[in-house]
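Survey of secondary and tertiary structure
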Amino acid sequence: MASLLDSLIELIRRTSAELPEDVNAALVRSLEAEKKGTIAESALKLIERNIELAKRKSQPICQDTGSVIFYVECPLGLDQLAFEETAREAVQQATKKGYLRQNSVDSITGKNDGTNTGPGAPAVHFHQHRSPETNIRLILKGGGCENVGAQYSLPAEKLHANRDLDGCRKVILDAVLQAQGKGCGPGILGVCIGGDRATGYEFSKQQFLRKLDDRNPEPKLDALEQDILKTANELGIGPMGFGGKTTLLGVKICAANRVPASYFVSVSYMCWAYRRQGVTLGADSQITGWLY
Amino acid sequence: MTTLTTPISEATIRALKVGDEVQINGTLYTGRDAVHKYLHEGGQLPPEVNLAGGLLYHCGPVMMKQDDGTWKCTAAGPTTSIREEPYQAQIIGDFGLRGVIGKGGMGDQTLAGCQAHGCVYLHAIGGAAQVLAECVTRVKGVYLLEQFGSPEAIWELEVVNFPAVVTMDAHGNSLHREVFAHSQAELAKRL
Ligand code: SF4
């Protein structure tokens, strides 16, 4: 699987070194919105310079190259075991080349063997579809922003949050307040309403596969997304939590069925270094197109 | 814009206020979770590492070993500082630090430590790994590499014009506390 290996290494390189267009555009808009001469403006200017430099030098945008999460849409019959093997090899080679930091630690011994691979690393999610194409999406999810994610169980008495969309709004905004700038804002929220504790977080992360400028096809969730984005940006948390106008660049929300007894709202936070890319592979596993 | 050159005097540090932008010249030592826990538990610093008047940088850089055996820093942004809150004030006092560089800010214990010992918290731009790596002109040494692995080791970095913002000063002020209080009040109006 030599060319699949090459394609995956190239996917990792580009994901680590270049932000997708929609994210760049949102950051440019936020820089224009900040007041001139503030530290918020300085922070965003430095971020812009950083993005440009990383792309030019083909180096990681951020040194925390994160958890490596692949989402694979594949035709029936793809050998998933072989794919996973190749993905591990690609991660190891990309690490040797410096596209990824040595970033994976054995949770029992505390040792970092420098390969970025081990139980659960990288994570590979497969979804079959009835089309001959293979689409591979990759997210590099940093630790700082992962740490400010939160899962709420409704009703949440202290926040006066009941089991309805207004309750969801309250806890999601609480997550924004608690995160402040600690997840390297301006950030992006991925939210799942419902599910169990595991699927809730899983689906919340999948929201990061959406483009920033898309709209939710479900009108109630769309309204909630717009409302939270607007409200969060009125709080004055700002880039890096320095104060300022842009606290969030986007909010993406999905819903999953739940059992009657549970009502979880799972919030994942993505930093401005929103590394997401994807490729479509041809029959010989060459990259035939980029998805973002 | 204030320029700080290491080693830094107490008077220089006490003159800084929340919101000041600074650029740093001189030496930074990296240290994150493993180093803080180690020092807190009484671990000894290697003799080459002198933190007095110096700056500790919460950072796990990406380092590439060159053919001639030297190291090149290819990414060097800050990591989240609050994880070191249980240890930071003690380490500031024990080693005579004048500044701690990181991201996300720290809590009341560290703020009190800054006030007591003449130290500031300097917020670097989280994620700006490339811009900050460009400020690293030389990797002067690395310590505890075997024990802790690359991101957690102590790296001695020579820097030029390294940008940061004072978000906690030596007078008991914290931008993080201010912004939290303000945003909490604004949110209450909108619920
Ligand atoms: S939160 Fe994101 S930008 Fe910040 S250090 Fe982590 S990966 Fe980098």
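Residues numbered from 1 in each chain as written. Chains lettered and ligands numbered in written order. Predicted model: local features only at pLDDT ≥ 70, side-chain atom pairs only at ≥ 80, totals over all residues. Heavy atoms only, no water.

**Quick look at unusual backbone geometry**
Here alanine 121 of chain A and proline 122 of chain A are connected by a cis peptide whose omega angle stands at -5°. Mapped onto the secondary structure, proline 122 of chain A falls in the loop between α4 (80–96) and β2 (123–129). In this model, glycine 185 of chain A is joined to proline 186 of chain A through a cis peptide bond whose omega is 5°. Within the fold, proline 186 of chain A resides in the loop between α6 (165–179) and β5 (187–194). The backbone phi angle of glutamine 180 of chain A is positive, close to 45°, even though this residue is not glycine. Summarising the element assignment, glutamine 180 of chain A is placed in the loop between α6 and β5. A relative accessible area of 8% places glutamine 180 of chain A in the buried class. For asparagine 161 of chain B, which is not glycine, the phi dihedral falls at a positive 50°. Here asparagine 161 of chain B shows up in strand β9 (residues 154–168). Owing to a relative accessible area of 38%, asparagine 161 of chain B belongs among the partly exposed residues under this scheme. (Helix = DSSP H or I, 4+ residues; strand = E, 2+ residues; numbered from the N terminus. Buried < 20%, exposed > 50% of the residue type's maximum accessible area, 1.4 Å probe, protein only.)

**Considerations on the pattern of salt bridges**
What the rule picks out here adds up to 29 salt bridges over all chains. With a closest N to O distance of 2.9 Å, arginine 210 of chain A and aspartate 214 of chain A form a salt bridge. For arginine 210 of chain A, a relative accessible area of 14% translates into the label buried. Here glutamate 158 of chain B makes a salt bridge to arginine 138 of chain B, at a shortest N to O gap of 3.5 Å. Of this pair, glutamate 158 of chain B sits in strand β9 while arginine 138 of chain B sits in strand β8 (residues 136–143), placing them 20 residues apart in sequence. The exposure class assigned to arginine 138 of chain B is partly exposed, which follows from its relative accessible area of 44%. (Salt bridge = Lys/Arg side-chain N within 4 Å of Asp/Glu carboxyl O.)

**What to know about the sheet that holds strand β9 (residues 287–290) of chain A**
Hydrogen bonding along the main chain pairs the strands of a sheet, whether they run parallel or antiparallel. Residue and element names in this part refer to chain A. Overall, mixed pairing links the 5 strands, which are arranged β2-β1-β3-β8-β9 in an open sheet. Pairing within the sheet leaves two strands with one partner each, and these edge strands are β2 and β9. Ignoring strand direction, the axes of neighbouring strands in this sheet form an average angle of 20°. The sheet contact formed by strand β1 (residues 67–75) and β2 spans 7 bridges and is parallel. (Pairing = 2+ DSSP bridges. Axes fitted to C-alpha atoms, helices over the stretch in contact; angles between N-to-C directions.)

**Thoughts on the site of the ligand**
Surveying the vicinity of the ligand reveals 13 residues, the closest of which are Cys62, Cys145, Cys184, Cys271 and Arg275 of chain A. Among the chains of the assembly, those with residues near the ligand are chains A and B. Along the lines of polarity and charge, the residues of the shell around the ligand split into 6 nonpolar, 4 polar and 3 charged. Residue-level mapping places the shell around the ligand at the junction of two domains, with at least three residues from each of domain 1 (2–15 + 61–142 + 275–290) and domain 2 (144–270) of chain A. (Near = heavy atom within 4 Å. Nonpolar A, V, L, I, M, F, W, Y, C, P; charged D, E, K, R; others polar. Domains from an automatic or database assignment.)

**Quick notes on the domain arrangement of chain A**
All names here are of chain A. In terms of domains, chain A is made up of domain 1 (2–15 + 61–142 + 275–290) and domain 2 (144–270). Each of domain 1 and domain 2 has a C-alpha centre, and these two points are 26 Å apart. Opposite the 11 residues of domain 1 that make contact, domain 2 presents 13 residues. Approximately 950 Å² of surface area, both sides summed, lies buried where domain 1 meets domain 2, with 62% of it carried by carbon and sulfur atoms. Considering only the surface of domain 1 that becomes buried against domain 2, Tyr71, Lys141 and Arg276 emerge as the three largest contributors, covering 53% of it. Remark: the boundary between domain 1 and domain 2 carries 1 salt bridge. A salt bridge links lysine 141 to glutamate 146, with the nearest nitrogen and oxygen atoms 2.8 Å apart. Taken together, the connections running from domain 1 to domain 2 amount to 5 residue pairs in polar contact (both at pLDDT 80 or more). At the level of elements, β1, β2 and β3 (134–141) are the ones that each hand at least two residues to the side of domain 1 that touches domain 2. Looking at the side of domain 1 that touches domain 2 element by element, the count peaks at 4 residues for β3. Residue classes in the side of domain 1 that touches domain 2 are distributed as 4 nonpolar, 3 polar and 4 charged. (Contact = heavy atoms within 4.5 Å. Buried area = accessible area lost by both parts, 1.4 Å probe. Polar contact = N/O pair within 3.5 Å; in protein donor to acceptor, adjacent residues only side chain to side chain.)

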